[in-house]
Amino acid sequence: MIVKGKLSRKHMMAIDHFADMLLTHQMKRHIMVKVVFKNKLPALGFTSVEDYNVSGKPRHFILEIRRNQTEKELLRTIAHEMVHVKQYACNEMNEEGTRWMNRSIDYDNTPYHEQPWEIEAHEIGDLIYEDFISDYKN
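The structure contained in this document is the topic of the report that follows.

About the thresholds
Residues numbered from 1 in each chain as written. Predicted model: local features only at pLDDT ≥ 70, side-chain atom pairs only at ≥ 80, totals over all residues. Heavy atoms only, no water. Helix = DSSP H or I, 4+ residues; strand = E, 2+ residues; numbered from the N terminus. Polar contact = N/O pair within 3.5 Å; in protein donor to acceptor, adjacent residues only side chain to side chain. Contact = heavy atoms within 4.5 Å. 1 Å grid on protein atoms, 1.4 Å probe; cavity = no way out; pocket = protein on both sides within 12 Å on 5 of 7 lines; lining within 4 Å. Points joined across faces, edges and corners; volume = space filled by probe spheres on them. Nonpolar A, V, L, I, M, F, W, Y, C, P; charged D, E, K, R; others polar. Axes fitted to C-alpha atoms, helices over the stretch in contact; angles between N-to-C directions. Parallel < 35°, antiparallel > 145°, perpendicular 65-115°, else oblique. Left-handed = near helix turned anticlockwise from the far one by under 90°. Phe/Tyr/Trp six-rings, centres within 6.5 Å; stacked < 30°, edge-to-face > 60°. Buried < 20%, exposed > 50% of the residue type's maximum accessible area, 1.4 Å probe, protein only.

**Concerning the side chain of Gln69**
Thinking step 1. By the secondary structure assignment, Gln69 is in the loop between β4 (58–66) and α3 (71–89).
Thinking step 2. Within the structure, the side chain of Gln69 is placed 3.3 Å from the backbone oxygen of Leu44, a separation counted as a polar contact.
Thinking step 3. A distance of 2.8 Å separates polar atoms of two side chains, one belonging to Gln69 and the other to Thr77.
Thinking step 4. Each residue touching Gln69, except ones within four places of it in the same chain, is listed here: Leu44, Leu74 and Thr77.

Pasting the structure below:
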């Protein structure tokens, strides 16, 4: 996996750890993640698809991360956004938020905390964050 952005060694290690837990080895070889820290974002983070491979599968992603977070919040946000990378890369959801696991979703009328991709990102993101912190301390 290629990771771009001005990241600390710990953040690079975290992204690699999260990718190992979320993506197959083969898929990881074809994923590129660019991390951009921003001072002002309406959320803690966003994931967007930047480019696709020749088969039309999303493979290049941008993670926009709000800068003014504690280290713990920052790592949790990156873990959460990496779950979204997995969701896009594995074709579990589309960019418009209108499809999840081959089911139609009414994005405009589904509150954030009821969106299935957000439920999964919060649950799995917390698990992979905790796993990284446990490994990182050892």
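Next, the rest of the story.
**Remarks on the environment of Val35**
Thinking step 1. Among the secondary structure elements, Val35 is positioned in strand β2 (residues 32–38).
Thinking step 2. Apart from residues lying up to four places away in sequence, Val35 is in contact with Lys4, Gly5, Leu7, Ile15, Leu63 and Ile65.

**Structural notes on the layout of surface pockets**
Thinking step 1. When its volume is computed, the largest pocket comes out at roughly 560 Å³.
Thinking step 2. Taken together, 29 residues line the largest pocket, and the ones lying closest to its centre are His80, Glu81, His84, Tyr112 and Glu118.
Thinking step 3. For the lining of the largest pocket, the secondary-structure elements that each account for two or more residues are β3 (45–52), α3 and α4 (116–137).
Thinking step 4. A total of seven residues in the lining of the largest pocket trace back to one element, the largest contributor, which is α3.
Thinking step 5. For the lining of the largest pocket, the class distribution of residues is ten nonpolar, twelve polar and seven charged.

**Considerations on the environment of Asn39**
Thinking step 1. Within the secondary structure layout, Asn39 lies in the loop between β2 and β3.
Thinking step 2. Between the alpha carbons of Asn39 and Asp126 there is a distance of 23 Å; along the sequence they are 87 residues apart.
Thinking step 3. The contact partners of Asn39, leaving out residues within four places of it in the chain, are Arg66, Arg67 and Asn68.
Thinking step 4. Polar side-chain contacts of Asn39 include one of 2.9 Å to the side chain of Arg67.

**Concerning the packing of α3 against α4**
Thinking step 1. Two elements in contact, α3 and α4, have axes separated by 8 Å at closest approach and are oriented at 125°. In terms of orientation, α3 lies oblique with respect to α4. Like other packed secondary-structure pairs, α3 and α4 cross with a definite hand, here right-handed.

**Details of the packing of aromatic side chains**
Thinking step 1. Applying the stated criterion to the full structure yields five aromatic pairs.
Thinking step 2. With a centroid separation of 6.4 Å and an interplanar angle of 15°, the aromatic rings of Tyr107 and Trp117 are classed as stacked. With a gap of ten residues between them, Tyr107 in the loop between β6 (103–104) and α4 and Trp117 in helix α4 connect regions that are remote in the sequence.
Thinking step 3. Given a relative accessible area of 39%, Tyr107 falls into the partly exposed group.

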